[in-house]
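Tertiary structure, described
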Amino acid sequence: DANGNLHVRTTDTFAIDKGGSVVLGGVSGGATPLTWYAGIAGRKENSTENNERGYLQFSTNGVGGPERMRIDSNGNVGIGTTGPTKKLELSGSSAAWSTISAIQLSDTAGNVNSRNWVLVNGLSAFGSLDLKVGASAGSDPASGGSVAMTILNNGNVGIGTTGPLARFVVVGSN
């Protein structure tokens, strides 16, 4: 426009999940040298006329690729979910490390005593919350290390054990 702003809009009728998008891509080689890698879309959150509530949708792996993250009209951020109900919601399957809900804290200082930590949902038992620490400086807690603390779905807390049988159990010699 005259103010130097870029507007991306569509002429879709007002409907849920409609709106403009910006798709990013490049040269990938082969018979199809140009491809799309990721996209950001602004979509309408509902089908109510004259209601401007919308969301940002972040996708990867080409046009129409899977949605990876959403910021809804309330400012809630969802990773692995299209309907976040909290300011930050992570959703995944506890079936494998590659799809589990986790928050990783990494220490890149390179100090011999530094450790990476991960807060994981459902690692020790269904409904548990675990805090796992890497085995050595710079190591990935997902591929090694140990569970430092577990909170079971019944409220029992264990430090040094993944199966606390009482409200608070500490196992270890230190």
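Residues numbered from 1 in each chain as written. Predicted model: local features only at pLDDT ≥ 70, side-chain atom pairs only at ≥ 80, totals over all residues. Heavy atoms only, no water.

1. Quick look at the overall build of the protein chain
Put simply, the rule reads: Secondary structure elements are defined from DSSP: runs of H or I of at least 4 residues count as helices, runs of E of at least 2 residues count as strands, and each element is numbered from the N terminus. Whether a residue is buried, partly exposed or exposed follows from its accessible area with a 1.4 Å probe, protein chains only, as a fraction of its type maximum: under 20%, in between, or over 50%, in that order. Contacts were defined at the residue level, with two residues in contact if any of their heavy atoms lie within 4.5 Å. Computed by Shrake-Rupley with a 1.4 Å probe, the accessible areas treat only the displayed protein chains as cover when residues are assessed.
From N to C terminus, the protein chain includes zero helices and 12 strands. Order of helices (α) and strands (β) in the protein chain, N terminus to C terminus: β-β-β-β-β-β-β-β-β-β-β-β. Every one of the 174 residues in the protein chain was classed for burial, and the buried ones make up 24%. Restricting the contact set of the protein chain to residue pairs at least 6 apart, pairs at least 24 apart contribute 17%. Total accessible area computed for the protein chain in this model is approximately 11,200 Å², and 55% of it derives from carbon and sulfur atoms.

2. Brief notes about the sheet that holds strand β11 (residues 157–159)
In any sheet, the strands associate via hydrogen bonds between backbone groups, in a parallel or an antiparallel arrangement. To be explicit about the condition: Two strands form a pair only when DSSP identifies at least two bridges running between them. For every element, the axis is a line fit to its C-alpha atoms; helices are fit only across the contacting stretch, and the angle between N-to-C directions ranges from 0 to 180 degrees.
Read across the sheet, six strands follow the order β7-β8-β9-β10-β11-β12 without closing on themselves; strand pairing throughout is mixed. Among the strands making up the open sheet, the edge pair consists of β7 (102–105) and β12 (168–170). The mean angle between the axes of side-by-side strands here comes to 15°, regardless of whether they run parallel or antiparallel. Note that strand β8 (residues 117–121) and strand β9 (residues 129–133) share five bridges and pair antiparallel. Among the inter-strand pairings, V118 is bridged to a residue of β9, identified as K132.

3. Examining the sheet that holds strand β6 (residues 88–90)
If you walk across this open sheet you meet the six strands as β1-β2-β3-β4-β5-β6, and the pairing is mixed. A single partner strand is all that each edge strand has here, and the edge strands are β1 (21–27) and β6. Adjacent strand axes in the sheet meet at a mean angle of 15° when their direction is disregarded. As defined by bridge partners, strand β2 (residues 34–44) adjoins strand β3 (residues 54–60) across seven bridges and the pair is classed as antiparallel. Bridge pairing in β3 links A38 to T60.

4. Side note on the pattern of salt bridges
We count it as follows: Salt bridges are identified by distance alone: a Lys or Arg side-chain nitrogen within 4 Å of an Asp or Glu carboxyl oxygen.
In total, this model carries two salt bridges according to the counting rule given. Across the salt bridge formed by R53 and E45, the nearest N and O atoms sit 3.8 Å from each other. Residue R53 is classed as partly exposed on the basis of its relative accessible area, which comes to 36%. With relative accessibility at 25%, the residue E45 sits in the partly exposed group. The partner of E67 in a salt bridge is R70, and the shortest N-O contact between them spans 2.8 Å. With a relative accessible area of 22%, E67 lands in the partly exposed category.

5. Notes on the pairing of β3
Burial along β3 is one-sided: the face carrying Y55, Q57 and S59 is buried and the face carrying G54, L56, F58 and T60 is not. The pairing of β3 with strand β4 (residues 67–71) spans four bridges and is classified as antiparallel. Opposite Q57, over in β4, you have R70 as the bridge partner.

6. A word on the packing of aromatic side chains
Just so we agree on the cut-off: Centre distance within 6.5 Å is the pairing criterion for rings of Phe, Tyr and Trp, where only the six-membered ring of Trp is used; planes under 30 degrees apart are then read as stacked, over 60 as edge-to-face, and the remainder as tilted. Only lysine NZ and arginine CZ atoms are considered, and such an atom sits over a ring when it is within 6 Å of the ring centre and within 35 degrees of the ring normal.
Summed over the entire model, instances satisfying the criterion amount to zero aromatic pairs. Between the NZ or CZ atom of R70 and the centre of the ring of Y55, over which it lies, the distance is 3.7 Å.

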